[in-house]
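# Report on the structure
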Amino acid sequence: MKYRAIKGVKDILPGETEKWYFIERHVRDIFETFGFSEIKIPIIEKTPLFVRGIGETTDIVEKEMYSFEDKGGDSITLRPEGTASVVRAYIEHGLYNSHPLTKLWYIGPMFRHERPQAGRYRQFYQIGAEVFGEESPSIDADIIVMLMELFKRLGLNETELQLNSLGCERCRPLFRERLLDFIKNRLPMLCEDCNRRFESNPLRVLDCKSKNCSEVIRDSPSMDGSRCEGCQRHLDGVIEYLLITGIKYRLNPRLARGLDYYTRTTFEVTDKRLGAQDAIAGGGRYDSLVEDLGGPQIPAIGFAIGMERLASLIDMGDNLIPPSSPKVYIAAMGEEANRKAFDLLYQIRLRGISGEMNYSDQRFVPNKSLKSQLRKGDQYGVSYTLIIGDNEIKSGKVILRDMKRAEQEEIDIQDIVEVLVKRIGR
Ligand code: HAM
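Residues numbered from 1 in each chain as written. Predicted model: local features only at pLDDT ≥ 70, side-chain atom pairs only at ≥ 80, totals over all residues. Heavy atoms only, no water.

### Looking at the overall build of the chain
Helix and strand counts for the chain stand at 16 helices and 16 strands. Here the C-alpha atoms of the chain give a radius of gyration of 29 Å, more than 25% beyond the 22 Å that 2.2 N^0.38 yields for 426 residues. Taking the principal axes of its C-alpha atoms as reference, the chain extends roughly 95 × 50 × 40 Å. Taken across its 426 residues, the chain has 50% of its residues classed as buried. Here the analysis covers contacts within the chain between residues at least 6 apart in sequence; of these, 71% occur between residues at least 24 apart. (Helix = DSSP H or I, 4+ residues; strand = E, 2+ residues; numbered from the N terminus. Rg over C-alpha atoms; globule rule 2.2 N^0.38 Å. Buried < 20%, exposed > 50% of the residue type's maximum accessible area, 1.4 Å probe, protein only. Contact = heavy atoms within 4.5 Å.)

This is the structure:
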């Protein structure tokens, strides 16, 4: 086979797309109930938006972005995530002027040039949600509750919610110092990337994907004990609100997340069944990003779900929606019959009934035998086949064959659409 999809990119075929549709239906339903509206953001943005937004020394910006120069000489990047674009749109359209609280959600493909492996793709879909304009911990809990409610409705009952607070610009430097002290003596045991990031972004060391590095930093200082009073109270507040709804969580003071914009609350939802890439969703608060990207000082929080990972965990069971198959097949023998079949197919589709016909017109392609056309109807799995030949046209009748009962009868052509509508139930 000469052409294959690019490494790390996958086709979502019929059969799987029904599952995606099922997920999206629940997402729309739940997100709307929680007051979110959908935003459609572009797939491409100017590169500096992501460099500034995600952070210059993150893996994403350093190694994983699909960036290119366009014909106008601008550096353009295929979005590696949605938050920076949503913030850009929020500022650009002054959305903060219309509502004190803005709740937006999005769905679409993201692009990261990572090493492909099970559950890790170079093009993957995310469903994300972002809330702008509220600092209180109740909104952190609210968005987490929405996420966990979605997973519950989709039948996921082995997920784990990990929760942390990365502090603010006041207390994070203290943590950074403690971390630097710890790492300093262990540099020879850490990978090249961690050595390079030691000074510029030591928090990234906590997030390193190398097994060896995670072993070395297992007992590193965590955010616990480094948070200022305000950040600790905020985290306690998030927990207090989560407890009201009975949502279970595990505090993980070493949860770092791979993006630099986070302040205070961060969280990740994992599921062991996913293997090495076990995060289905991740998110957190980013109280300085709107201002950093040129907007007013507005706090915000959000999350994103990895669609492929989520879909792989969903057992459709009784909810399985079979790929749609046509209800009616029209077998036609002869030139006039072909035209009549085309007309009838159009009329039944107008009434909402799905159908297929024998498209071969014998002026171009020899007509198939009636037997082979009927076999085709069988392959489609239709409930009814209509048989039209030039004789039937002359007598103004068609033959209606009930495929399950293997019975057939003659019906007047002018009545056939209504008969089908009645029997198929539209
Ligand atoms: P993230 O943790 O980079 O966060 O990605 C969120 C989710 O996207 C992950 O938990 C995972 O399920 C999925 N994901 C990430 N990379 C891949 C990949 N290469 N292949 C398959 N799935 C992947 C963000 O992107 C933030 N923008 C989330 C956020 C929104 N924070 C605040 N607001």
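### Here we look at a nonpolar patch on the surface
A cluster of nonpolar side chains, namely Ile43, Ile44 and Phe68, defines an oily patch on the protein surface of about 250 Å² accessible area. Here Phe68 lies in strand E3 (residues 66–69). (Patch = residues over 30% accessible without salt bridge, like charges linked within 9 Å, V, L, I, M, F, W, Y side chains within 5 Å. Areas by Shrake-Rupley, 256 points an atom, 1.4 Å probe, with all protein chains shown as cover. Salt bridge = Lys/Arg side-chain N within 4 Å of Asp/Glu carboxyl O.)

### Examining the sheet that holds strand E13 (residues 355–357)
If you trace the 5 strands from one edge of the open sheet to the other, you get E13-E12-E14-E15-E16, paired in mixed fashion. Looking at the sheet topology across the chains shown, the edges are occupied by E13 and strand E16 (407–412). Averaged over all pairs of adjacent strands, the angle between their axes in this sheet comes to 25°, without regard to strand direction. Across the sheet, helix H14 (residues 370–380) is in contact with strand E12 (328–333), E13 and strand E14 (384–389); its angle to E12 comes to roughly 170°. (Pairing = 2+ DSSP bridges. Axes fitted to C-alpha atoms, helices over the stretch in contact; angles between N-to-C directions.)

### Focus: the site of the ligand
With respect to spatial proximity, 26 residues lie near the ligand, and among them Glu81, Glu114, Tyr121, Glu130 and Tyr262 are the closest. Tyr261 places a polar side-chain atom, nitrogen or oxygen, 3.0 Å from a nitrogen atom of the ligand. Isolated, the ligand exposes 650 Å² of accessible area, and the fraction of that covered by the protein chains is 95%. Element by element, the count of residues in the shell around the ligand is highest for strand E10 (residues 279–285), at 6 residues. For the shell around the ligand, the per-class residue count stands at 11 nonpolar, 8 polar and 7 charged. (Near = heavy atom within 4 Å. Polar contact = N/O pair within 3.5 Å; in protein donor to acceptor, adjacent residues only side chain to side chain. Nonpolar A, V, L, I, M, F, W, Y, C, P; charged D, E, K, R; others polar.)

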